[in-house]
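Here are the chains, one letter per residue:
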Amino acid sequence: MVRMAAATFESLNPSTGEVIETFPRSTAADVDRAVAIARAAWEEWRLVPAPERGNILFRFAQLLEQRKPELSDLMTREMGKVKAEAGGDVQEAIDMSYYMGGEGRRLFGHTTPSELRDKFMMSVRMPVGVVGAITPWNFPIAIPAWKLTPALVCGNTVVLKPAEDTPLLAQRFVELLYEAGLPEGVVQIVHGFGEEAGDALVRHPDVPVITFTGSRETGVLVTKNAADELKHVHLELGGKNGIIVMDDADVDLAVEGILWSAFGTAGQRCTAASRVIVHRAVYEELQRKLVAGAEKMRIGAPWEDDTQIGPVINETAVEKIHSYTEIGKSEGAKLLTGGERVEGHGFYYRPTVFADVDAQMRIAQEEIFGPTTALIPVDSFEEAVYAANSVKYGLSSSIFTRDVNKAFKAMRDLQTGITYINAGTTGAEVHLPFGGMKQTGNGHREAGQAALDVFTEWKSVYVDYSGKLQRAQIDNVEQPVSDT
Ligand code: NAD
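The structure displayed is predicted, hence computed values, not measured ones. (Residues numbered from 1 in each chain as written. Predicted model: local features only at pLDDT ≥ 70, side-chain atom pairs only at ≥ 80, totals over all residues. Heavy atoms only, no water.)

Draft legend 1. Representation of the site of the ligand. The environment of the ligand is made up of 29 residues, and the closest members are Lys161, Glu164, Thr218, Leu237 and Glu367. Taking Thr135, its main chain carries an N or O atom lying 2.8 Å from an oxygen atom of the ligand. Coverage of the ligand by the protein amounts to 90% of the 850 Å² it exposes when considered alone. Residues from two domains meet in the shell around the ligand; each of domain 1 (8-236 + 454-463) and domain 2 (241-421) gives at least three. (Near = heavy atom within 4 Å. Polar contact = N/O pair within 3.5 Å; in protein donor to acceptor, adjacent residues only side chain to side chain. Areas by Shrake-Rupley, 256 points an atom, 1.4 Å probe, with all protein chains shown as cover. Domains from an automatic or database assignment.)

Encoded structure:
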């Protein structure tokens, strides 16, 4: 592990503002050293049989299971996620590690018949080299697992630059990988800030793959800065996810789904429902029930059992969320509840609901990344789908309806990488692709089989056992008869 930097930074508890631990603020020179170690380790790691690499991930999954209580508890303190959700975050890493461990015995390619006799053809997945993984703070164990477990099983080594708000969880994650038997050097961690350590990793010539999860703005920068080396860049960016509630919906179920999707993790999920597009026939009922539900949610210390809403990550986040409350009011939206920080210690904000929002208002277009949702009234299914699609992001969407025709049309027409029917916008499972259309990403997917495409190159192999020169497209094709 590289711990050479002289400068340091602190990881804070967002509930109390207390310092959790001090970390080295890695520089470009530290990144250089980390990449050199990972590059050297790659020469051996790529030759380790994939099932053996998978076995390490199985052991890692078992260790995560054993340490789930302490990791979850640490997450409540370093990131502020409430207990049950912190457990879910770790569980996602456990599931992903088992799933990707199993890939060690699959990593399927294709075999296909040749057009020539006595010739064999197949495609195989090859590791790429050193992967630079840059992660956000909001899923501090799950997201490193989404990136590192497929990267490793495919035979790559990794330099991880976790978010500066959750370095201790990332450190624990890497320590457990080594405890599970990962050979020395295969994963390196550098800490610190995006513009320093992150940027150095993005530009490093010996890092051919960058896998990045974070904001759209940073994703654009990463793409530009990786362009000179023509790196493979995998981006998972923001969302402005909408739940549609139709006139035939089970409104109580929809309200439950909205409360969970809009205010879970204090709205700091890339799949958070920050828009609710509601048919006017159920608009009044939904408003009433949603506000009652939001005002009942228990705000408190995330490590206490009955807390439903914990803090947001830091002071900057509180200020950003509040600035959107002011923007919403100035745009003419109606503030139904919330709209203020919770006085006292820590970075808490009340669940906030705006009504009478127009789909083009800034609060309905821009990612707020806090416990704020905007109700947009509509008169028809078509209008609802149009409103849902009228944002630049395309991560997750949902519709509550009992009409199977509308459900299938929504599956077809909603421009998002994930669509839920009669559930909120969150709740992905590890064995289906995860990611977004439009400006939520750049066409890649995390999780499922799709993740393997980020971390491998295809190689097509032709084996000719005929003992003679055979030319495809020539020797096996009848030549046209000439007239002369
Ligand atoms: P962020 O973009 O501020 O930071 C993400 C990471 O990038 C951090 O590790 C940061 O240090 C690093 N970074 C910052 N500037 C950099 C630079 N110039 N070069 C290289 N690295 C740099 O995002 P955040 O606030 O940590 O996370 C919240 C964002 O992440 C939201 O937009 C959310 O929607 C998104 N997110 C997306 C997904 C997804 O799968 N689509 C999942 C979780 C979060």
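Draft legend 2. Expanded view of the pattern of salt bridges. Within the structure shown, the criterion is met by 26 salt bridges. Between Lys147 and Glu446 there is a salt bridge, and its shortest N-O distance comes to 2.9 Å. With Lys147 in helix 4 (residues 142-153) and Glu446 in the loop between strand 18 (437-438) and helix 13 (451-455), this pair connects stretches of sequence that are 299 residues apart. The same class applies to Lys147 as to Glu446, namely buried. Asp413 serves as the salt-bridge partner of Arg412, at 2.8 Å between the closest nitrogen and oxygen. Each of Arg39, Glu43 and Arg46 takes part in a single network of salt bridges with overlapping partners. (Salt bridge = Lys/Arg side-chain N within 4 Å of Asp/Glu carboxyl O. Helix = DSSP H or I, 4+ residues; strand = E, 2+ residues; numbered from the N terminus. Buried < 20%, exposed > 50% of the residue type's maximum accessible area, 1.4 Å probe, protein only.)

Draft legend 3. Fine view of the environment of Arg269. With respect to the element layout, Arg269 can be found in the loop between helix 8 (251-263) and strand 11 (273-279). On a C-alpha basis, the gap between Arg269 and Gln171 in space is 22 Å, while along the polypeptide they are 98 residues apart. Among the polar contacts listed, one links the side chain of Arg269 to the backbone oxygen of Trp260, at a separation of 3.2 Å.

Draft legend 4. Looking closely at helix 2 (residues 50-78). Spanning 29 residues, helix 2 covers only 34 Å between terminal C-alpha atoms, well under the ideal 42 Å at 1.5 Å per step. For helix 2, the principal kink sits at Arg67 and spans about 65°; a proline, Pro69, occurs within the next four residues. Backbone geometry just after helix 2 places Gly80 at a positive phi near 95°. (Expected span 1.5 Å × (residues − 1). Bend = angle between axes of the 7 residues up to and from the residue.)

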